[in-house]
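# An overview of the molecular structure
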Number of protein chains: 2
Amino acid sequence: MAVSTAKNMPPDGHGLALGVDLGGTKIELALVAADGTIRHRCRVETEADAGADRVIEDITKAGKELIEGASSSGSGAPTAVGAGVAGQIDSHAGIVRTTPNLEGWDDVPLASRLEEAFGVPAAITNDLNAITLGEQAYGAGKGYDDLVVVFVGTGVGGGVITGGRLVEGAGGYGGEIGHTTLIADGRKCTCRSRGCLEAYVGGWAIAARARDAAREDEEAGVELVRLAGSIEKITAATVDRAATAGDPLARRLVEETGRLLGLGLVSVIHTFNPRRVVLGGGVIDGMPNLVPIATEVVQENTMKVFLEDLEIAPAALGGDAGVIGAARWARIKGANEKSEGT
Amino acid sequence: MAVSTAKNMPPDGHGLALGVDLGGTKIELALVAADGTIRHRCRVETEADAGADRVIEDITKAGKELIEGASSSGSGAPTAVGAGVAGQIDSHAGIVRTTPNLEGWDDVPLASRLEEAFGVPAAITNDLNAITLGEQAYGAGKGYDDLVVVFVGTGVGGGVITGGRLVEGAGGYGGEIGHTTLIADGRKCTCRSRGCLEAYVGGWAIAARARDAAREDEEAGVELVRLAGSIEKITAATVDRAATAGDPLARRLVEETGRLLGLGLVSVIHTFNPRRVVLGGGVIDGMPNLVPIATEVVQENTMKVFLEDLEIAPAALGGDAGVIGAARWARIKGANEKSEGT
């Protein structure tokens, strides 16, 4: 059975769990077996502006239809439900505290709402923690007890397994690696601080840095601006295309972004001493030069003993990591509560 | 009994343990009871240039004398021995990999050498991890399962308890918070990187920044240079004295240092979501304005949910944290090995 060999993680339990990946544009739902395979799945649009009640209704309806459909093809009912949500999620109390992508979701007790809806124990966590749990058990982190997952998309998110267990923190908000300081008092971030890793290497930040640079040096960025259509339309994707086409400004931006990502990884490596760092997300996938540049920076700037068994690897589960990890989280939390209760 | 209430930490065991705090100038040894109280203690000088064999002989001799003396006053023998050592310590294998303060200590299997010497199980860890274990069970972190300890002395060291357990990492080197990037490509650090937290707020770095600033602006730093005797003699202590005396350059340096420490703490708080951050070390004690400045920066720059139950507190065990924590580590590791072996 392809479950994690991590020595400190509670057993995953048996049977199917319902995993929910609640994003700003779509909700993925899957019935996931204990070996991490998706048995049945569906996807619905997220009514991001309609408030929590409506979205929870949509999850309930889609989940029940999925379970009924699976039942008619011989599947049992799920024994637990887990959800991953972007934002600050109190994983202990099961409450969505704040989420950047959804309107009207402050302090929503999503876990208890899902328990009521499906009649089984429910657990929730941050979307990146769900991805990390999925990758650790069934993907690029399989068999690793000390693992850091960093996803660079529009924003930068992280999840950490140390000594075989997920870093949750006191309120369940831990693992916000995108909001570690990279350049003190640097560029304004989306959080309350300045100079965060995300404020340089997140997709929105690459685009903002590129627009600023193109305004400063019109000559160097001529190909970049031509490809984008205008300075205002520059995105991380156009930066990558322009760099490939030889635009000197775009090349410098890719080089700088890789270097800054690498220096952010040095922080994480010195903090956690992971065996493996897993990188994923749209910017990592869309800017293939970032990882080799960042890797070289890590090799040059990390203390040598930390490098001995360190691997940097791409994420392996793609878009499925969220639902698979959310289902696993439901099993882990369910097992813990049972063992704590007895 | 004043032991930790941390829920995931193995029990501390019973009886006395011998704790060793191996520093660059002195070795502290103590027989520590399971409630964290020091029953008997001694201190010897470290022959830092004499190589590992000689220093281990000195530890053995001092430890045996301590045990004999304690025995004559009715104490039992220790059931375990633990040591904290500055540097990169493989806490799993019990090997001192590298240490900045001692000559000839590369890859020394200190744990097995101590086991041979004392005939009881031995465990070793980084000095800051030992302090963290001491503070968590018996000091400023008592009862906290999510705790970050940051010590600012000549260097900057850290230790982290997350979910009730020490962050060790794959090789046991985790918790090097002093070597997280604070200003990418900034000032040269003592590690292989640039711009680390330590390279700005460590005692050596405050002195170096002050010397650079005094050279750049002789007028502003006139009182600082007068107090120090010359630019070359400026230390972190003279910066604090000059700031108190109203020297504008020294005041600016203290303000900047507090701000940079605060931004380093923002990283740690976003990463671990601790309930409590414990600050200690010679620079923290000697520059009393740093903590209020850093605390204000944390309040302004940290995401709000992380601040809800966050406390910043001074270390409570003073110079005893190292031996007390080393003794506790010996008990924790001994208990783990027993439970893994059965």
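Here, every reference points to the structure presented above.
Residues numbered from 1 in each chain as written. Chains lettered and ligands numbered in written order. Predicted model: local features only at pLDDT ≥ 70, side-chain atom pairs only at ≥ 80, totals over all residues. Heavy atoms only, no water.

The helix and strand inventory of chain A stands at twelve helices and twelve strands. Radius of gyration (C-alpha) of chain A: 21 Å, near the 20 Å computed for a compact globule of 342 residues. Overall, chain A is about 65 × 50 × 35 Å in size when its C-alpha atoms are taken along their principal axes. Residue burial in chain A is summarised as follows: out of 342 residues, 61% are buried. Counted over contacts in chain A with a minimum sequence separation of 6, partners at least 24 positions apart contribute 64%. (Helix = DSSP H or I, 4+ residues; strand = E, 2+ residues; numbered from the N terminus. Rg over C-alpha atoms; globule rule 2.2 N^0.38 Å. Buried < 20%, exposed > 50% of the residue type's maximum accessible area, 1.4 Å probe, protein only. Contact = heavy atoms within 4.5 Å.)

Attention now moves to the sheet that holds strand 9 (residues 156-162) of chain A. Residues and elements named next belong to chain A. Pairing within the open sheet is mixed, and its five strands lie in the order 10-9-8-11-12. Every other strand in the sheet has two partners, leaving strand 10 (165-166) and strand 12 (311-314) as the edge strands with one partner each. The pairing of strand 8 (residues 147-152) with strand 11 (residues 276-280) spans five bridges and is parallel. Paired with Val150 across the bridge in strand 11 is Leu279. Each of strand 8, strand 9 and strand 11 is contacted by helix 8 (residues 248-272), which is oriented at about 155° to strand 8, the strand it contacts most. (Pairing = 2+ DSSP bridges. Axes fitted to C-alpha atoms, helices over the stretch in contact; angles between N-to-C directions.)

Turning our attention to the interface of chain B and chain A. Each partner contributes residues to the interface: chain B has 49 residues there, and chain A has 49 residues. At the boundary of chain B with chain A, total buried surface from both sides reaches about 4,200 Å², with 52% on carbon and sulfur atoms. Taken together, chain B and chain A are joined by four salt bridges. Between Asp185 of chain A and Arg259 of chain B there is a salt bridge, with its nearest N and O atoms 2.5 Å apart. Taken together, the links from chain B to chain A amount to 26 residue pairs in polar contact (both at pLDDT 80 or more). (Buried area = accessible area lost by both parts, 1.4 Å probe. Salt bridge = Lys/Arg side-chain N within 4 Å of Asp/Glu carboxyl O. Polar contact = N/O pair within 3.5 Å; in protein donor to acceptor, adjacent residues only side chain to side chain.)

Superposition of chain B onto chain A requires a rotation of 180° combined with a translation of 0.0 Å along the rotation axis, giving an RMSD of 0.0 Å. Expressed as an axis order, the relation between the two copies is that of a two-fold axis. Closest to the rotation axis within chain B is the C-alpha of Ile183 of chain B, separated from it by 2.1 Å. A symmetric contact is evident, with 100% of the interface residues of chain B recurring at the interface of chain A. (Least-squares fit on C-alpha atoms with pLDDT ≥ 70 in both.)

Take a negative patch on the surface next. There is a patch of like negative charges on the surface, built from Glu216, Asp217, Glu218 and Glu219 of chain A. Positionally, Glu218 of chain A belongs in the loop between helix 5 (203-216) and helix 6 (222-228). (Patch = residues over 30% accessible without salt bridge, like charges linked within 9 Å, V, L, I, M, F, W, Y side chains within 5 Å. Areas by Shrake-Rupley, 256 points an atom, 1.4 Å probe, with all protein chains shown as cover. Lys, Arg positive; Asp, Glu negative; His and termini not counted. Charge placed at Lys NZ, Arg CZ, Asp CG, Glu CD.)

All names here are of chain B. Within the element layout of this structure, Asp247 appears in the loop between helix 7 (236-244) and helix 8 (248-272). A polar contact of 3.2 Å, which involves the side chain of Asp247, links it to the backbone nitrogen of Leu249. From its side chain, Asp247 meets the backbone nitrogen of Ala250 in a polar contact 2.8 Å long. Asp247 has contacts with Ala220, Gly221, Val222, Glu223, Leu224 and Ala242, leaving out every residue within four places of it along the chain.

All names here are of chain A. Relative to the assigned elements, Arg276 resides in strand 11. Here Arg276 falls in the buried class, since its relative accessible area comes to 18%. Engagement of the side chain of Arg276 in a polar contact is seen with the side chain of Tyr144, the distance being 3.3 Å. With residues up to four places along the chain from it excluded, the contact list for Arg276 reads Ala140, Tyr144, Asp146, Leu147, Val148, Leu310, Glu311 and Ala313.

Residues and elements named next belong to chain B. Spanning twelve residues, helix 3 (residues 127-138) covers 16 Å between terminal C-alpha atoms, matching the ideal 16 Å at 1.5 Å per step. Of the residues making up helix 3, those classed as buried are Leu128, Asn129, Ala130, Ile131, Thr132, Leu133, Gly134, Glu135, Gln136, Ala137 and Tyr138. Put simply, Asn126 is the residue that caps the front of helix 3, since its side-chain oxygen is 2.7 Å from the backbone nitrogen of Leu128. (Expected span 1.5 Å × (residues − 1).)

Right, let's talk about the environment of Thr190 of chain B for a bit. Residue and element names in this part refer to chain B. As for its position among the elements, Thr190 is in the loop between strand 10 (165-166) and helix 4 (198-201). For Thr190, a relative accessible area of 56% puts it in the exposed group. Setting aside its immediate chain neighbours within four residues, Thr190 contacts His179, Glu198 and Trp204. Of note is the side chain of Thr190, whose polar atom sits 3.1 Å from the side chain of Glu198.

All names here are of chain A. For helix 8, built from 25 residues, the straight-helix expectation of 36 Å at 1.5 Å per residue is met to within 8% by its first-to-last C-alpha distance of 36 Å. Judged by how many residues are buried, helix 8 sits mostly within the fold: 19 of 25 residues are covered. Of the residues flanking the start of helix 8, the one acting as N-cap is Asp247, its side-chain oxygen 3.2 Å from the backbone nitrogen of Leu249. Among the residues trailing helix 8, Asn273 stands out with phi positive, at a value near 45°.

Applying the stated criterion across every chain yields a total of three aromatic pairs over all chains. Taking the centre distance of 5.7 Å and the plane angle of 55° together, the rings of Phe306 of chain A and Tyr173 of chain B count as tilted. Placement of the pair is Phe306 of chain A in helix 11 (residues 304-307) and Tyr173 of chain B in the loop between strand 10 and helix 4, with the two residues belonging to separate chains. Across the pair, exposure class does not vary: Phe306 of chain A and Tyr173 of chain B are buried alike. (Phe/Tyr/Trp six-rings, centres within 6.5 Å; stacked < 30°, edge-to-face > 60°.)

A few words now on the sheet that holds strand 4 (residues 81-85) of chain B. Residue and element names in this part refer to chain B. If you trace the five strands from one edge of the open sheet to the other, you get 3-2-1-4-7, paired in mixed fashion. The outermost strands of the open sheet, each flanked by one partner alone, are strand 3 (38-45) and strand 7 (122-126). The sheet shows a mean angle of 15° between the axes of neighbouring strands, taken without regard to direction. Judged from the five bridges that link them, strand 1 (residues 17-22) and strand 4 form a sheet pairing that is parallel. Looking at strand 4, one finds that Leu18 is bridged to Val81.

These values are about where atoms sit, not about what they do.
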